[in-house]
Amino acid sequence: MSAHASSHSGHDAHADHHDHHDPGFLRKYVFSTDHKMIGIQYGITAMLFLAFGFFLMMVMRWSIAYPHEPLPGWMSWVFTENWKARWLVDGKVTGETYNMFGAMHGTIMVFLGIVPLGFGAFGNYVTPLQIGAPDMAFPRLNMASYWIYLLGGLVMCASFFMESGAAKSGWTNYSPLAGFADGQVVNQFMAGQTQWLIGLVLLITSSLLGSVNFITTIINLRARGLTWMRMPFFVWSMLVTGFLLLLAFPPLEAAGIMQLMDRVTHSSFFLPTGLFTKSEGLAEISGGGSPLLYQHLFWFLGHPEVYVLLLPAFACVAEIIPANTRKPLWGYKSMVYSVLVLGFLSFIVWAHHMYMTGMGAAVSTFFQTTTVLISVPSVIILTAMLISLWGGSIRFNPAMLWACAFIPMFGIGGLTGLPLAFNLADLHLHDTYYVIGHFHYVVAPGILFAFFGGVIHWYPKITGRYMSRTLNHLHFWPSLVCMNIIFFPMLLQGMAGFHRRWYNGGDGYLDKATALKGDGPNVFANTVAQHIDMNILMSMGAWTLALAQIPFIINLFISWKAGKKAESDNPWHATTLEWATPTPPGHGNFTTEPAVYRGPYEYSRPDHADDYLPQWIEPKEKAPKKTESHPA
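If you're wondering where the values come from, they're calculated on a predicted model, not measured in any experiment.

Asker: Give me the overall build of the protein chain: which residues, what numbers.
Answerer: Helices and strands together make up the secondary structure of the protein chain, namely 21 helices and six strands. For 632 residues, the compact-globule formula gives about 26 Å, and the C-alpha radius of gyration of the protein chain, at 26 Å, lands near that figure. Expressed as lengths along the three principal axes of its C-alpha atoms, the size of the protein chain is roughly 115 × 55 × 50 Å. For the protein chain, with 632 residues in total, the buried portion stands at 57%. A sequence separation of at least 24 residues applies to 79% of the contacts in the protein chain between residues at least 6 apart. Accessible area of the protein chain: about 27000 Å², with a carbon and sulfur share of 67%. Charged side chains in the protein chain number 34 positive and 35 negative. The centres of these two groups are separated by 7 Å.

Quick look at the structure:
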């Protein structure tokens, strides 16, 4: 059956049940199968996890900036006395606690925060509306995906309260370290490291269910007339993201299950022969496993995961810019082809994370080449967005501020990644703060800025009200400044050699800064002494950034009831199908079956009176030319 025929039958079937009974509170707001409610559930849950991950980072920044001082009351009040007695020494963060917070910060922000916010929240809410579908193809599967995600997140976070604490082997969970961590726990199922793996398997299962749902929905439930090259760039991004999740996550799920077996059934998938530990001596294991195999399986997902984070951000910005420049998205087809190439290349660059494992010159050359190549489609997309601003009648509303800030912030993140593509440079920069600065420039002021813009852009459609402009400005400007205060010094510290896992920020080297070693001064210690004061600056920026999020939180919830009402269903005078629905969209989304007659970004057309021509407006038939009559 064709896509349009499937769509047509789906609309008709849904229309038959349009006047449905009230499902009740639980079915409507908790165990909902409506893609819009599930999108809101994903969004609120992801933001709560992001707040928790941000708090872990603030504790880590205190340890880095003030390693000799106990946690202040405004941080430590969260912890119980028993927890503080177990994990803090005289109120100060220990190396073990720092490792635990670091591992969980990375895991929470990536797997529980940004991916669910971009793909789960924005994707679920907007995609069916933009393609003219009444819902996702598999509504119950959609609901199951959310609840499995929530369960996985709760399992991971509950491990903080276990005797062993949460996972401490980094967010990458490398073997053999992760295979032996928490080995003192008798029941390994009650160890934090094991709970991390169980949570990971649940999260991957949730993502796989979601990816199948998105791919099926986009292919089969498009409205009449919505051909491939009439789809908004947002939908293209979600389609590619769905394929990335579907193809890249199974290897990591297999790796997670194999590592789980190493821990609870004493197999040796990733544990080599002759492994020696300080506490136990020669390990009593069957051996024969390969730690490098785990790294390959992890990073085969790990790099496509970067684009799972990034493509929804591209999607949001690509919708905000045309609506606020009043001109078509420049190079739409080039952007579509670029995102397809980006998806393909993301599967053949993973080993640039593994240059330190001793790969040969031929293999490293291959991955250096593909890593440089993958920057090309990213640059095309970013350049198209930048050129789209040229000559536009730009409306600098709050959503547009975030979109405009995304472009240079992501640009810095991308450019600082180029040196890491080459194994010669990576030899010096690997595991330093340079890598942290690069990645966070992509994710924090890059991707999250795009998501903030997306929230503002679609907020009137979701709630029927605008967010406060004043509170948006109070949120945007401090966030922009603080993000750069936090992450730019990391690039400088990284080039100076600061390691990413120093829980005291390098303080241990200070007593060697003026001491002699051999026949000269300790150069590295002196280098640390020159740059260590940046730790305080970055930590101050992080805590100020936390305060800057308060206006957003107030705005998000207060505007829901007290914000200025949207004047129409299409307050931004945009052209894509989601603005043809009632505000907020009801059951089935559309009051009549939608049809698409043109491309997604028809702005400022000279043959149209208004400066926008929506996809759903039926073209007017041209009046037939009058023929002159001649006398016989």
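Having seen the structure, we can now continue with the description.
Asker: So, the environment of isoleucine 38: which residues are in play, and what are the values?
Answerer: Note that isoleucine 38 resides in helix 3 (residues 35-65). In this structure isoleucine 38 touches Ser32, Thr33, Asn124, Pro139, Asn142, Met143 and Tyr146, once residues within four positions along its chain are discounted.

Asker: Before we move on, can you summarise the pattern of salt bridges with the specific residues and values?
Answerer: Close approach of charged atoms allows side chains with opposite charge to pair. All told, the structure shown has nine salt bridges when counted by the stated rule. As a salt-bridge pair, arginine 605 and aspartate 607 come within 2.7 Å of each other at their nearest N and O atoms. Since its relative accessible area comes to 27%, arginine 605 is described here as partly exposed. On the basis of relative accessibility, which here comes to 57%, the residue aspartate 607 falls in the exposed class. Within the structure, one salt-bridge network assembled from shared partners comprises Asp431, Arg500 and Arg501.

Asker: Describe the packing of helix 6 (residues 95-131) against helix 9 (residues 192-220), listing the residues and the values that go with them.
Answerer: Describing two packed helices takes the angle between their axes plus the distance from one axis to the other. In contact at an axis separation of 11 Å, helix 6 and helix 9 are set at 20° when each is read in the N-to-C sense. Relative to helix 9, the element helix 6 lies roughly parallel. Every pair of crossing elements has a handedness; the one defined by helix 6 and helix 9 is left-handed. On helix 9, the residues that touch Met104, Thr107, Phe111, Leu112, Phe119, Gly123, Asn124, Thr127 and Ile131 of helix 6 are Trp196, Leu200, Leu203, Gly210, Ser211, Phe214, Thr217 and Ile218. Of the residues in the contact of helix 6 with helix 9, the class split is ten nonpolar, seven polar and no charged.

Asker: So what's going on with the confidence of the model for the protein chain? Which residues, and what values?
Answerer: Per-residue confidence for the protein chain averages 91 on the pLDDT scale, and 93% of its residues sit at or above 70. Long-range and interchain partners of residues 627-632, a stretch whose pLDDT sits below 50, account for zero contacts in this model, where long-range means more than four residues apart.

Asker: A description of the side chain of serine 539 should follow, citing residues and the corresponding values.
Answerer: Take serine 539: it is sitting in helix 20 (residues 534-548). A relative accessible area of 0% means that serine 539 is categorised as buried. Of note is the side chain of serine 539, whose polar atom sits 2.9 Å from the backbone oxygen of arginine 61. Those residues in contact with serine 539 that sit more than four places away from it in its chain are Arg61 and Ala65.

Asker: Outline the environment of histidine 531, supporting the account with residue identities and numerical values.
Answerer: In this fold, histidine 531 is placed in helix 19 (residues 523-531). Overall, the relative accessible area of 18% leaves histidine 531 in the buried class. In this structure, histidine 531 is in contact with Gln493, Ala496 and Phe498, ignoring residues within four places of it in sequence. Within the structure, histidine 531 has its side chain in polar contact with the backbone oxygen of threonine 527 (distance 3.0 Å).

Asker: Kindly report on helix 14 (residues 375-389), identifying the contributing residues and their values.
Answerer: Along its 15 residues, helix 14 runs 22 Å from first to last C-alpha, staying within 8% of the 21 Å computed at 1.5 Å per residue. Among the residues of helix 14, Pro377, Ser378, Ile381, Leu382, Ala384, Met385, Ser388 and Leu389 are the ones counted as buried. Each buried residue of helix 14 lies within a common arc of 155° when the element is viewed along its axis, so the set occupies one face. Looking at the packing, one finds that the buried side of helix 14 touches helix 10 (233-264), helix 11 (291-325), helix 12 (332-345), helix 13 (361-373) and helix 15 (398-417). Looking one or two residues past helix 14, glycine 391 carries a phi angle of roughly 75°, positive in sign.

What counts, and where the lines are drawn
Residues numbered from 1 in each chain as written. Predicted model: local features only at pLDDT ≥ 70, side-chain atom pairs only at ≥ 80, totals over all residues. Heavy atoms only, no water. Helix = DSSP H or I, 4+ residues; strand = E, 2+ residues; numbered from the N terminus. Rg over C-alpha atoms; globule rule 2.2 N^0.38 Å. Buried < 20%, exposed > 50% of the residue type's maximum accessible area, 1.4 Å probe, protein only. Contact = heavy atoms within 4.5 Å. Areas by Shrake-Rupley, 256 points an atom, 1.4 Å probe, with all protein chains shown as cover. Lys, Arg positive; Asp, Glu negative; His and termini not counted. Charge placed at Lys NZ, Arg CZ, Asp CG, Glu CD. Salt bridge = Lys/Arg side-chain N within 4 Å of Asp/Glu carboxyl O. Axes fitted to C-alpha atoms, helices over the stretch in contact; angles between N-to-C directions. Parallel < 35°, antiparallel > 145°, perpendicular 65-115°, else oblique. Left-handed = near helix turned anticlockwise from the far one by under 90°. Nonpolar A, V, L, I, M, F, W, Y, C, P; charged D, E, K, R; others polar. pLDDT = per-residue confidence, 0-100. Polar contact = N/O pair within 3.5 Å; in protein donor to acceptor, adjacent residues only side chain to side chain. Expected span 1.5 Å × (residues − 1). Arc of directions from axis to C-beta.

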